[in-house]
Number of protein chains: 2
Amino acid sequence: MRNVTRTGSTWKYNLPPAVVSAGTVVGKKEGNGPLGKYFDIVHEDNWLGGGSFEKAEQKILEEACNIAVRKAGLKREDINYHFSGDLLNQTTSSGFTAKNLGIPYLGIFGACSTSMEGLALASYLTATGGAEYAMASTCSHTNTSEKQFRYPNEYGAQKNDTSQCTVIGGGAVIVGNGQIQSQSKINVTAATIGRVLDFGVADPFNMGAAMAPAAADTLINHFKDLNIDTDYYDLVLTGDLGKVGTEIFKELLSQKGINFGEGILNDGGVMIYPDDGRFFAGGSGCGCMAVTAYGYVLNQMANGRLKRVLCIATGALLSQLSVQQKQTIPCIAHGVALELSEV
Amino acid sequence: MRNVTRTGSTWKYNLPPAVVSAGTVVGKKEGNGPLGKYFDIVHEDNWLGGGSFEKAEQKILEEACNIAVRKAGLKREDINYHFSGDLLNQTTSSGFTAKNLGIPYLGIFGACSTSMEGLALASYLTATGGAEYAMASTCSHTNTSEKQFRYPNEYGAQKNDTSQCTVIGGGAVIVGNGQIQSQSKINVTAATIGRVLDFGVADPFNMGAAMAPAAADTLINHFKDLNIDTDYYDLVLTGDLGKVGTEIFKELLSQKGINFGEGILNDGGVMIYPDDGRFFAGGSGCGCMAVTAYGYVLNQMANGRLKRVLCIATGALLSQLSVQQKQTIPCIAHGVALELSEV
């Protein structure tokens, strides 16, 4: 039997790799939010005592990776490959973190889809014998991202209700070969790689609307490729459509006759902040899905409260320059299935 | 027998995937250079008739991909996955090209190591059953890169002798499952993933020196992991160390007692332009290694002039901001082995 079966753009692992450990590090607002208790470290200071917000972002990513390695009871040199990417130009947080970790490094970029792109590739390598252990990580920081893509937060520019707030957060996850005995009973069972779609949204203050069609496309392909029904998963977690994008996402699915039971669909961008108006349409940024999935979801699975979860991370592949040149926003989404093993 | 054997950070494929086809597109200076005859399209106009240099760069990448698909006798929908990345912030050339191609897309970033990172991952997927056909592509454009990382060419800023010139070029390669009968007898037999190294070079006008240690590290690991000797390959092609970096690279190897025969070591950045002083230390940019490997090397292999080639693509993981913040330049290199099959 082959270790992987591909149907469409979906890999199904016949010896599913185990989720060995994870690390999550967030900022103050995320720590004070509804998911606060699921994170390993909460930083009160956006600067982390460093000389720049970029250095703070890098430190968050590095902490998340080191926590994951430590929780796994491994040393860095036991990790064969590390996939990482982030929102900064030339993914510098990831590149500089990779330098400090010393693990063979595969840089990736999928904007906020990076978390699941990394986990898809890391799980693929471990499922097929190319790695014993592989790590996937990503991060974001509100002060670096808002400055780079829109306006520095310090300017106090007015946001509108479709805006999302970039999460301060870094998440890392380590997956191990299926034959390795692990404390964890959580496996990565399948992954669906998305196509880039563009429905003509050009407003960088409304990314949820831009990304919703890509999320719907990947979800539909995932269910079709695996020939499963909408009652298969306990939770389908998108990230980060926010409140506006989630409504469009549900509407798009509904138009296709796809309806999930109450509470099955949720979104990292909706979950991470309190719904009190201060965060507009919710959270965004590579770190949002990473900490929601590797903090909240893995915790709920470890406790048996969730048994089967599909994480669909969505990315808006815009740049400051593409916006200035009046281009619309191409978007992508990658899905990864996490399941408790039967034992 | 497993489809892949991992030793250290090197994958050796037991059913090596075939190089099915490639596409290469360059600008005028590259077309007039020593390798000019190996490229599919040479553009006389840096703008390609488009509204911006960024749009021109994207068009070059898209052309290279479409040529590769056409030469393979395939349709786009036959390609299961597409790995691509480039130097622009948020790898926009790749993201927008992926939108137009419609192939499931995995965005990668390794600066000028992107070509071989993509080929390593594409060949891994096809070798292990995750894809029937996979494509890897990348590109660069002098007017977009110089503007983003240093000064716009139009400013006429003086360059020094250690500077490299960003290549206008896009390259794409398609690999197919080992069991597929192919016109090509060229196989991808192994790939070595690099670590990020930083020897303290902080000068963005001397990238060759910054990248040489990473190239040496990956080369040493590749030979050690596969237990092969320096007479194994007909050509070890780095890209893009340029003249300055190549000298340092050879010196670093020599210090370790590693010496190659005359003419075995060469560099895409050295080969692509005439050595007449106009190009300083030579070429650079993601497109440089891509068009040298997928144009020149594959041609020489198809003609039997080269039988075994190791391509080591090197990347400097700096950003404009990391330079402004006085950070040194972390570098990486990935190696991919191409070999003629015995038949």
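Residue numbers here run from 1 along each chain, matching the order of that chain's written sequence. Just so you know, chain letters begin at A and ligand numbers begin at 1, following the order they were written in. Given that the model is predicted, a residue must reach a pLDDT of at least 70 before its local features are reported, and side-chain atom pairs must reach 80 or more before they are shown or counted; all residues, however, enter totals for whole chains, interfaces and linings. Excluded from the side-chain calculations are hydrogens and water; all other atoms, namely the structure's heavy atoms, are used.

**Q** How should the overall build of chain A be read in this particular structure?
**A** Secondary structure elements follow DSSP: runs of H or I of four or more residues count as helices, runs of E of two or more count as strands, with numbering from the N terminus. When its secondary structure is counted, chain A shows 10 helices and 15 strands. We compute the radius of gyration from the C-alpha atoms alone; for a globule the expected value is 2.2 Å times N to the 0.38, where N is the number of residues. In terms of C-alpha radius of gyration, chain A reaches 18 Å, essentially the compact-globule figure of 20 Å for 343 residues. Taken along its principal axes, the extent of the C-alpha atoms in chain A is 55 × 50 × 35 Å. Intrachain contacts of chain A at a sequence separation of at least 6 include 78% that bridge at least 24 residues. Computed with the Shrake-Rupley method and a 1.4 Å probe, the accessible areas treat only the protein chains shown as cover for residues. Accessible surface computed for chain A: about 11700 Å², of which carbon and sulfur atoms make up 47%. Across chain A, the mean location of the 27 positive side-chain charges is 3 Å away from that of the 32 negative side-chain charges. Contact between two residues is taken to exist if any of their heavy atoms lie within 4.5 Å; hydrogens are not considered. For this count, His and the chain ends are skipped, Lys and Arg are scored as positive, and Asp and Glu as negative. In plain terms, the charge of a residue is placed at NZ if it is Lys, CZ if Arg, CG if Asp and CD if Glu.

**Q** Mind showing me how you'd approach the interface of chain B and chain A here?
**A** It is common to give the size of an interface as the accessible area lost on bringing the parts into contact. Contact residues are listed per partner, giving 62 residues for chain B and 62 residues for chain A. Note on chain B versus chain A: buried area summed over both sides is about 4800 Å², and carbon and sulfur give 58% of it. Note on definitions: salt bridges are taken to be side-chain nitrogens of Lys or Arg within 4 Å of carboxyl oxygens of Asp or Glu. Counting across the interface, chain B meets chain A through 2 salt bridges. In this structure, D198(B) engages K99(A) in a salt bridge whose closest nitrogen and oxygen atoms are separated by 2.9 Å. Residues adjacent in sequence count toward polar contacts only when both atoms are side-chain atoms; beyond that, a polar contact is any pair of N or O atoms within 3.5 Å, and within protein one must be able to donate a hydrogen and the other to accept it. Taken together, the connections running from chain B to chain A amount to 28 residue pairs in polar contact (both at pLDDT 80 or more). Here the side of chain B that touches chain A takes 5 residues from helix α3 (residues 92–101) of chain B, the largest share from any one element. Basically, the charged four are Asp, Glu, Lys and Arg, the nonpolar ten are Ala, Val, Leu, Ile, Met, Phe, Trp, Tyr, Cys and Pro, and anything else, Gly included, counts as polar. Partitioning the side of chain B that touches chain A into residue classes produces 26 nonpolar, 27 polar and 9 charged. Buried surface area refers to the total accessible area, computed with a probe of radius 1.4 Å, that the two partners give up upon joining, counted for both partners together.

**Q** Is there a simple way to think about the pattern of salt bridges in this case?
**A** Pairs may arise between side chains of opposite charge once their charged atoms sit close together. Throughout the structure, instances matching the rule amount to 18 salt bridges over all chains. R278(B) is the salt-bridge partner of D276(B), the closest N and O atoms lying 2.9 Å from each other. Relative accessible area decides the class of each residue, using a 1.4 Å probe on protein chains only: under 20% of the type maximum gives buried, over 50% gives exposed, and in between gives partly exposed. Owing to a relative accessible area of 41%, D276(B) belongs among the partly exposed residues under this scheme. A relative accessible area of 51% means that R278(B) is categorised as exposed. Among the charged side chains, a salt-bridge network with shared partners connects E146(A), R150(A) and K159(A).

**Q** Would you mind going over the nonpolar core with me for this structure?
**A** Taken as a class, soluble globular proteins show a tendency for nonpolar side chains to be buried jointly. Residues belong to a common nonpolar core when they are buried Ala, Val, Leu, Ile, Met, Phe, Trp, Tyr or Cys residues joined through side-chain atoms within 4.5 Å. With 108 residues, the main nonpolar core has W11(A), L338(A), W11(B) and L338(B) as its most contacted residues. When sequence neighbours within four positions are dropped, the list of residues in contact with L338(A) reads V19(A), L119(A), I186(A), N187(A), V188(A), V297(A), L298(A), M301(A), K307(A), R308(A), V309(A) and C311(A). With 38 residues, the next largest nonpolar core counts V236(A), L241(A), L265(A) and A316(A) among its residues.

**Q** What is the right way to look at the packing of helix α4 (residues 114–127) of chain A against helix α9 (residues 286–302) of chain A in this model?
**A** Two numbers describe a pair of packed helices, the interaxial angle and the distance between the axes. All names here are of chain A. The angle between two axes is taken between their N-to-C directions and runs from 0 to 180 degrees, where each axis is a line fitted to C-alpha atoms and a helix contributes only its stretch in contact. Interhelical geometry of α4 versus α9 gives an angle of 55 degrees and a closest axis separation of 8 Å. With respect to their mutual orientation, α4 and α9 come out oblique. Across from T114, S115, M116 and L119 in α4, the residues of α9 making contact are C286, M289, A290, A293 and Y294. Looking at the contact of α4 with α9, its residues break down into 7 nonpolar, 2 polar and no charged. Under this scheme an angle from 65 to 115 degrees is roughly perpendicular, one under 35 degrees roughly parallel, and one over 145 degrees roughly antiparallel; angles in between are oblique.

**Q** Explanation requested: the side chain of E57(A) in the structure shown.
**A** All names here are of chain A. Locating E57 in the fold gives a position in helix α2 (residues 53–71). For the buried E57, no salt bridge is present, and the opposite-charge side chain at shortest range is K147, 9.1 Å distant. Within polar-contact distance, the side chain of E57 engages the side chain of S93 at 2.9 Å. In contact with E57, other than residues within four places in its own chain, are D86, L88, S93, C139, S140, H141 and T144.

**Q** What should I look at first to understand the relation of the copies chain B and chain A in this one?
**A** Between the two copies of the chain lies a rotation about an axis combined with a shift along it. Superposing copies: least-squares fit, C-alpha atoms only, residues required to have pLDDT of at least 70 in both. Between chain B and chain A, the superposition needs a rotation of 180 degrees and an axial shift of 0.0 Å, giving an RMSD of 0.0 Å. Both copies of the chain, as the preceding transformation shows, are related through a two-fold rotation axis. For chain B, the smallest separation between a C-alpha atom and the rotation axis is recorded for I108(B), amounting to 1.9 Å. Here 100% of the interface residues in chain B have copies in chain A that are interface residues too; the copies meet face to matching face.

**Q** When you look at the environment of I264(B) in this model, what are you seeing that I'm missing?
**A** All names here are of chain B. Tracing the backbone through its elements, the reader meets I264 in the loop between α7 (242–255) and β12 (265–267). Through-space distance from the C-alpha of I264 to that of T192 is 19 Å; in sequence the pair is 72 residues apart. Excluding anything up to four places from it in sequence, I264 contacts Y233, D234, L235 and V236.

**Q** Help me understand the packing of α2(A) against helix α3 (residues 92–101) of chain A, please; the structure alone is not making it clear to me.
**A** Residues and elements named next belong to chain A. Packing of α2 against α3 brings their axes to within 9 Å, and their N-to-C directions diverge by 50 degrees. Regarding the angle of α2 to α3, the classification is oblique. The crossing of α2 and α3 is right-handed. Facing E54, E57, Q58, L61, E62, C65 and N66 of α2, the residues of α3 in contact are S93, S94, F96, T97, N100 and L101. If you view the pair so one helix is near and one far, a crossing is left-handed when the near helix is turned anticlockwise from the far one by less than a right angle, and right-handed when it is turned clockwise.

**Q** When you look at the side chain of T166(A) in this model, what are you seeing that I'm missing?
**A** Residue and element names in this part refer to chain A. Here T166 shows up in strand β8 (residues 165–166). A distance of 2.7 Å separates polar atoms of two side chains, one belonging to T166 and the other to E146. Every residue in contact with T166, bar those within four places of it in the chain, is listed here: E30, S140, H141, T142, S145, E146, R150, Y273, S284 and G285.

**Q** Even after reading the chapter, I still don't get α2(A), so can you show me in this structure?
**A** Residue pairs three or four apart in sequence face the same way in an α-helix, which turns once every 3.6 residues. All names here are of chain A. When the terminal C-alpha atoms of α2 are compared, their 27 Å separation across 19 residues agrees well with the 27 Å that a helix rising 1.5 Å per residue should span. Burial runs high along α2: 15 of the 19 residues are buried. At the C-terminal side of α2, G73 shows a positive phi close to 70 degrees. Here the expected span of a helix is defined as 1.5 Å times the quantity of residues minus one.

**Q** How should I be thinking about the packing of aromatic side chains in this particular structure?
**A** Both the distance between ring centres and the angle between the ring planes are used here to describe each pair of aromatic rings. Between 30 and 60 degrees the pair is tilted, below 30 it is stacked and above 60 it is edge-to-face, where a pair is any two Phe, Tyr or Trp rings, Trp via its six-membered ring, whose centres lie within 6.5 Å. All chains considered together, the criterion is met by 21 aromatic pairs over all chains. Members of the aromatic cluster, joined through ring pairs, are W11(A), Y13(A), Y81(A), Y124(A), W11(B), Y13(B), Y81(B) and Y124(B). Definition used: whenever NZ (Lys) or CZ (Arg) falls within 6 Å of the ring centre and also within 35 degrees of the ring normal, the charge is taken to sit over that ring. Here R308(B) stacks its cationic end above the ring of Y232(B), 3.9 Å away from the centre of that ring.

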